[in-house]
Amino acid sequence: MFKKLIKVIFAVLIVMTVGLVGVSFFAPKDKDAVTDEQVSQTMAEDHFLSNPYSGFSLLGVDEKKTYLRLTDKLDNYESAVELGDNKISVDSLNRVWTAIQQDKPEYFWLDSYTYHYDQETGMVTDVSFNFNYNTDEIKRRQGEIEAVTAGIKTGISPEMDDYAKVKTVHDYIVSHTEYDLDSEDNQNICSVFLNNRSVCAGYSKALQYVLKDIGIFSNYVTGNAVGRGPHAWNLVQMDGEYYYVDVTWDDPSFDDITWEDPALRADPPLSIEYVYFGLTTEELLKSHTFDNTLSTYPGFTATADNYYVRENMLFDLNNADEQARFIDTLRDTLDNGGVMEARFTEAGMVDRALTGIEESDLLNESGVRYLRYDENQVLIIWRP
């Protein structure tokens, strides 16, 4: 009887011990868990992420927590992340990845990711990131990028408004980058700042990177160029309003691949164009469609910081005074050996402008050449 009692007590003790160990081992406190308070703090303190059109702001609360957990690790170049209490579904992870891509041009070294998930719950348990370079190479490139962007910022003064600042960065990127489908690192900012050759992803992220650095909100937007395939551009906040800027399509070297005239391909009239600087949603949708992985943007309608409005190069040819102003401005520009880039207020005015040129005395000395963007009602005019 005594021996049997000892065995029973021993068995109970074993069960209780295993139970206690199980609580301690299988459910440890998740020290990296992101809380509601941390999300609220980020929204209160981070000017960029709190913008309603950042990728972060477009996420759900649980997705925001995972975003912060992942970016905290990425900021320290950690490539493997356990999600712990911040597990999310596979679809939500895709949204978080899209948001990081939209918000973080500084992650030029981030290439792709893989993950594991629980088949029963469908929740992602951990994420592994693939980097383009090792840590030493990342830091070396970061130093070179900062040197280049510091040079860009010397052309920006506190007295400038947002339009002038954005235009300065836009102009630098266009004038220092050649469009090249085969360029190295063309999905990140290294292609622009270090190699001076890129495609739309590099152009757009480079613009966003510098604008973010000087305190101007800009988001990286993806979708399709109608009839051309996948494309990227920027949503930019200027002087309190939102506009679209497609810095890639404002680079005449991009047009080189579509111009049929060999003379234009060899010697474009302008080194920088502004056809896609400061567009409304309606204007953008004539040639672009959105990737709506996160959300659709509202219709932005502001025009005050459109290039042609700001530079007084928007003409309404229904008005006789405007017709005269157009011809007089063109005459002054050509007489000084310049190139005039003008936009008109409605469809059909490009042809009316060309008719006005033919009826004036501008063709007396030598021919006038032009490029026309009918979709945008823009004419670029010069004398060879």
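Residues numbered from 1 in each chain as written. Predicted model: local features only at pLDDT ≥ 70, side-chain atom pairs only at ≥ 80, totals over all residues. Heavy atoms only, no water.

Draft legend 1. How the structure looks around the overall build of the protein. Summing up its helical and strand segments, the protein has 14 helices and 15 strands in all. By residue count, 46% of the 384 residues in the protein fall in the buried class. Considering only contacts within the protein whose residues lie at least 6 apart along the sequence, 62% involve residues at least 24 apart. Roughly 19,000 Å² of accessible area belongs to the protein as shown, and the carbon and sulfur atoms make up 50% of that amount. (Helix = DSSP H or I, 4+ residues; strand = E, 2+ residues; numbered from the N terminus. Buried < 20%, exposed > 50% of the residue type's maximum accessible area, 1.4 Å probe, protein only. Contact = heavy atoms within 4.5 Å. Areas by Shrake-Rupley, 256 points an atom, 1.4 Å probe, with all protein chains shown as cover.)

Draft legend 2. Unusual backbone geometry, seen in detail. Phi at Tyr-77 is positive, roughly 60°, even though this residue is not glycine. Note on placement: Tyr-77 falls in the loop between α3 (61–74) and β1 (80–82). Taking relative accessible area as the criterion, Tyr-77 reaches 25% and is therefore assigned partly exposed. With a phi close to 50°, Asp-239 is a non-glycine residue in the positive phi region. Mapped onto the secondary structure, Asp-239 falls in the loop between β8 (229–238) and β9 (241–245). Since its relative accessible area comes to 39%, Asp-239 is described here as partly exposed.

Draft legend 3. Broad picture of the layout of surface pockets. Reported here for the largest pocket is a volume of approximately 370 Å³. Along the walls of the largest pocket sit 23 residues, with Gln-101, Gln-187, Ala-201, Lys-205 and Tyr-220 positioned nearest its centre. (1 Å grid on protein atoms, 1.4 Å probe; cavity = no way out; pocket = protein on both sides within 12 Å on 5 of 7 lines; lining within 4 Å. Points joined across faces, edges and corners; volume = space filled by probe spheres on them.)

Draft legend 4. Representation of helix α4 (residues 90–103) within the structure. Between its first and last C-alpha, α4 extends 20 Å over 14 residues, near the 20 Å set by a 1.5 Å rise per residue. Across the 14 residues of α4, 10 count as buried, placing the element largely inside the fold. All buried positions along α4 are accounted for by Ser-92, Leu-93, Arg-95, Val-96, Trp-97, Thr-98, Ala-99, Ile-100, Gln-102 and Asp-103. Where α4 is buried, its residues meet α3, β2 (88–89), β3 (110–117), β4 (123–131), α8 (200–213) and β7 (218–225). (Expected span 1.5 Å × (residues − 1).)

Draft legend 5. Main features of the pattern of salt bridges. Applying the stated criterion across every chain yields a total of 22 salt bridges. In this structure, the salt-bridge partner of Lys-65 is Asp-36, at a minimum N-O distance of 2.8 Å. Note that Lys-65 is positioned in helix α3 and Asp-36 in helix α2 (residues 36–45), a separation of 29 residues in sequence. Its relative accessible area of 13% is what places Lys-65 among the buried residues. (Salt bridge = Lys/Arg side-chain N within 4 Å of Asp/Glu carboxyl O.)

Draft legend 6. Just the pairing of β9, in detail. For β9, a buried count of four out of five residues is recorded, marking the element as mostly surrounded by other parts of the structure. Both β8 and β9 contribute to a ladder of five bridges, which runs antiparallel. Note on β9: the bridge partner recorded for Leu-235 is Tyr-244. In sequence, β8 turns back onto β9 through a hairpin of two residues, with Asp-239 there showing a positive phi of about 50°. (Pairing = 2+ DSSP bridges.)

Draft legend 7. Region of the structure containing the nonpolar core. If you look at the biggest cluster of nonpolar residues, it comprises 101 residues, and the most contacted ones within it are Tyr-67, Leu-70, Phe-193, Phe-326 and Phe-344. Tallying contributions element by element places α8 first for this core, with six residues. Other than its neighbours up to four places away in sequence, Tyr-67 contacts Leu-49, Phe-56, Leu-59, Val-96, Ala-99, Ile-100, Asp-103 and Lys-104. (Core = buried A, V, L, I, M, F, W, Y, C linked by side-chain atoms within 4.5 Å.)

Draft legend 8. A look at the sheet that holds β9. Across the sheet, five strands lie side by side as β10-β9-β8-β7-β11; this open sheet has antiparallel pairing. Lying at the two open borders of the sheet, with one neighbouring strand each, are β10 (277–279) and β11 (288–290). Neighbouring strand axes in the sheet, compared pairwise and without regard to direction, differ in orientation by 50° on average. Summarising the sheet, β9 and β10 pair through two bridges and their orientation is antiparallel. Its bridge partner lying in β10, Val-245 is registered against Phe-277. Along the sheet, helix α6 (residues 162–176) contacts β8, β9 and β10; its crossing angle with β8, the most-contacted strand, is approximately 145°. (Axes fitted to C-alpha atoms, helices over the stretch in contact; angles between N-to-C directions.)

This is a description of form; function is not addressed.
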